[in-house]
Protein chains: 2
Amino acid sequence: MLAPKSPCKTAPTENPSDFDLVNVRHAVFQAEQGLREQGVPIGAALVRKDGVVIGVGRNRRVQKNSAILHGETDCLNNIGRLPASVYKDCTMYTTLSPCSMCSGTMVLFGIKRCVIGENETFLGGESILRDHGIEVVNLNLDSCKKLMSEFIERYPEVWNEDIGEEDK
Amino acid sequence: MLAPKSPCKTAPTENPSDFDLVNVRHAVFQAEQGLREQGVPIGAALVRKDGVVIGVGRNRRVQKNSAILHGETDCLNNIGRLPASVYKDCTMYTTLSPCSMCSGTMVLFGIKRCVIGENETFLGGESILRDHGIEVVNLNLDSCKKLMSEFIERYPEVWNEDIGEEDK
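The model shown is predicted, which means the values in this text are computed figures rather than measured ones.

Trainee: How should I be thinking about the UniProt feature "domain: CMP/dCMP-type deaminase" (unreviewed entry) in chain A in this particular structure?
Mentor: According to UniProt, the "domain: CMP/dCMP-type deaminase" (unreviewed entry) feature falls on residues 18–136 of chain A. Taken end to end, residues 18–136 of chain A has its terminal C-alpha atoms 16 Å apart, with 44% of it in helix and 19% in strand.

As C-alpha cells, then:
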C-alpha cells in the first residue's frame, strides 16, 4: 500500500494581497497561451519580491512532446542558470496546485513562497512544499478552475498522462 | 526554521542483485560522458523489469545552460511521452542520491524503485521517495563517489548552483 500522494490540501486564503492577485495574472496568461496551442492549460511565473518577473512558462507536454515541462519547470528552464540567492527572494505563481515533481523542484531551488490559482481540479504536492517550510497561498480562482475543468473534460487522456495516471 | 532537507539517508544495501549492479552501469556511463563534456557528472537510466533500457540521461546544467536537466529529468525528457503504465514497471538508476526535484519527479511518474550509486557526496530527497512507497537501493559504489568528489573539489561553484546552495 502506497502512502497517499500529498494529501494536504491548502484551504483558500482569506484576503489575499493585491501583490499576489496582480502577479498571478502572469501565470494565467501563460495557461491561456497553452490552451491556444492546444496544450495543457497550466501556467507559471517566478516573481521577485520587488515585483520583477524573472521568468514565465507553461506546460508544454503537447507542444514539445515533453514529459517534464510542466508550468513551473518550463518557467525555471526558460530562465536558465541563476545563483541560488535569486530564487530565495522569489514567489512561484502557478495556476494549479503543483505536482510532486514541481513541488520537489521548488524545494531544491529554495523558493520560499508558492501562490496557486486553485487546487480543486487537481491536488498536487502541497504537503511536500509545507514539509519544507514553503508558504502556500491558495487564491481559489474561478478562472483557473474553468480552464482546467474544461480541458480535463475534453482531453482526459492527455491529462491522465500528465499526472502519471493510467486511463480509466 | 525550515524543516531539514530530506534527512533520511539510505544505508548501503547488503548483497545487491546482479540485475542492479549490471544496470547501474548505464547510468555510470552517462555520468562519465557528462564529465567528458565538462558537465556535472551525474547519470541516470530508466530500465524496465525485463532489462530493457527505456532511456538514459545526464545532468546537462553546463552543456545546455539548463537549471532543470538533472540526470533523472534529462533521462525522462529524452524518453518523451509515455503511458503511465510503462513507468510503473521501471527502476530509475542514478549515480547519486536524487535531489528533491528528481525525487518528486519519480513520485509523479509512479516509478516504484530507485537504485542509487551513492549518497555520501550528497544526500537528496530519499525521504520523499520513501514517504511515497518507492524502494531505494544504495549500491555505495566507489566509482560514483570518485566522480563526484573530484568534480566538487574542482568546480564547487557549479555544484553549489546545481543543488540550490549559495557559495560559501
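Trainee: So what exactly am I meant to see when it comes to helix α7 (residues 142–154) of chain A here?
Mentor: Think of an α-helix as turning once every 3.6 residues; residues three or four places apart then point the same way. The terminal C-alpha atoms of α7 of chain A lie 18 Å apart, and with 13 residues this matches the ideal 18 Å at 1.5 Å per residue to within 8%. Considering only its buried residues, α7 of chain A is in contact with α1 (18–36) and α8 (156–162) of chain A.

Trainee: Got a minute to help me understand the pattern of salt bridges in this structure?
Mentor: Oppositely charged side chains may form a pair once their charged atoms are brought near each other. For the coordinates displayed, the defined rule picks out 24 salt bridges over all chains. Salt-bridge contacts for Asp20 of chain A lead to Arg113 of chain A; the nearest nitrogen and oxygen are separated by 2.8 Å. Within this pair, whereas Asp20 of chain A is found in helix α1, its partner Arg113 of chain A is found in strand β4 (residues 113–116), the two being separated by 93 residues in sequence. In this structure, the salt-bridge partner of Asp142 of chain B is Lys145 of chain B, at a minimum N-O distance of 3.7 Å. In this pair, Asp142 of chain B and Lys145 of chain B both sit in helix α7 (residues 142–154), 3 residues apart, roughly one turn of the helix.

Trainee: Is there a simple way to think about the pairing of strand β2 (residues 53–58) of chain A in this case?
Mentor: Sheet faces and side chains relate simply in a regular strand, where the side chains alternate between the two faces. All names here are of chain A. Bridge count for strand β1 (residues 43–48) against β2 is 5 bridges, and the pairing is antiparallel. Paired with Ala44 across the bridge in β2 is Gly57. Connecting the antiparallel pair β1 and β2 is a turn made up of 4 residues, with Gly51 showing a positive phi of about 95°.

Trainee: What is the right way to look at the interface of chain B and chain A in this model?
Mentor: You'll often see interface size given as the accessible area lost when the parts meet. Taken together, the contact between chain B and chain A spans 43 residues of the former and 43 residues of the latter. Roughly 3400 Å² is buried in total at the junction of chain B and chain A, and carbon and sulfur atoms are behind 62% of that figure. At the junction of chain B and chain A, the tally comes to 2 salt bridges. Glu161 of chain A is paired through a salt bridge with Arg81 of chain B; the nearest N and O atoms lie 2.7 Å apart. Linking chain B to chain A there are 12 residue pairs in polar contact (both at pLDDT 80 or more). When contributions to the side of chain B that touches chain A are tallied by element, the ones reaching two or more residues are α2 (61–64), α3 (71–79), α4 (84–88), α5 (100–109), α6 (126–131) and α8 (156–162) of chain B. A total of 7 residues in the side of chain B that touches chain A trace back to one element, the largest contributor, which is α5 of chain B.

Trainee: Would you mind going over the sheet that holds strand β3 (residues 90–94) of chain A with me for this structure?
Mentor: Two orientations exist for strands paired in a sheet by backbone hydrogen bonds: parallel and antiparallel. Residue and element names in this part refer to chain A. Pairing within the open sheet is mixed, and its 5 strands lie in the order β2-β1-β3-β4-β5. On the outer flanks of this sheet lie β2 and β5 (135–138), each paired with one strand and no other. Across the sheet, the mean angle separating the axes of adjacent strands is 15° when strand polarity is ignored. Two strands pair when backbone bridges link them, and β4 and β5 are joined in this way by 4 bridges, in the parallel orientation. Counted as the bridge partner of Cys114 is Val136 from β5. Packing of helix α3 (residues 71–79) onto the sheet brings it into contact with β1, β2 and β3, and relative to β2 it is tilted by some 130°.

So, how was this worked out
Here, residues in each chain are numbered from 1, in the same order as that chain's written sequence. The lettering of chains begins at A and the numbering of ligands begins at 1, in the order of writing. In view of the model being predicted, local features appear only for residues whose pLDDT reaches at least 70, and side-chain atom pairs are presented and counted only at 80 or more, with totals across whole chains, interfaces and linings using the full set of residues. As a rule here, side-chain values cover all heavy atoms of the structure and leave hydrogens and water aside. UniProt positions are given in the numbering used here, feature names are shortened, and annotations may be inferred rather than shown by experiment. Every helix listed is a DSSP run of H or I at least four residues long, and every strand listed is a run of E at least two residues long, numbered separately from the N terminus. Any helix carries an expected span of 1.5 Å times its number of residues minus one. Note on contacts: a residue pair is in contact if any heavy atoms of the two residues lie within 4.5 Å. In what follows, salt bridge is the name for a side-chain nitrogen of Lys or Arg lying within 4 Å of a carboxyl oxygen of Asp or Glu. Only strands that DSSP links by at least two bridges are regarded as paired with each other. The buried area of a pairing is the accessible area, by a 1.4 Å probe, that goes missing from both parts when the two are put together, added over both. Distance and chemistry together define a polar contact, namely a pair of N or O atoms within 3.5 Å, with one atom able to donate a hydrogen and the other to accept it when in protein, and with adjacent residues in sequence counting only for side-chain atoms on both sides. Axes here mean lines fitted to C-alpha atoms, for a helix over just the part in contact, with angles spanning 0 to 180 degrees between N-to-C directions.

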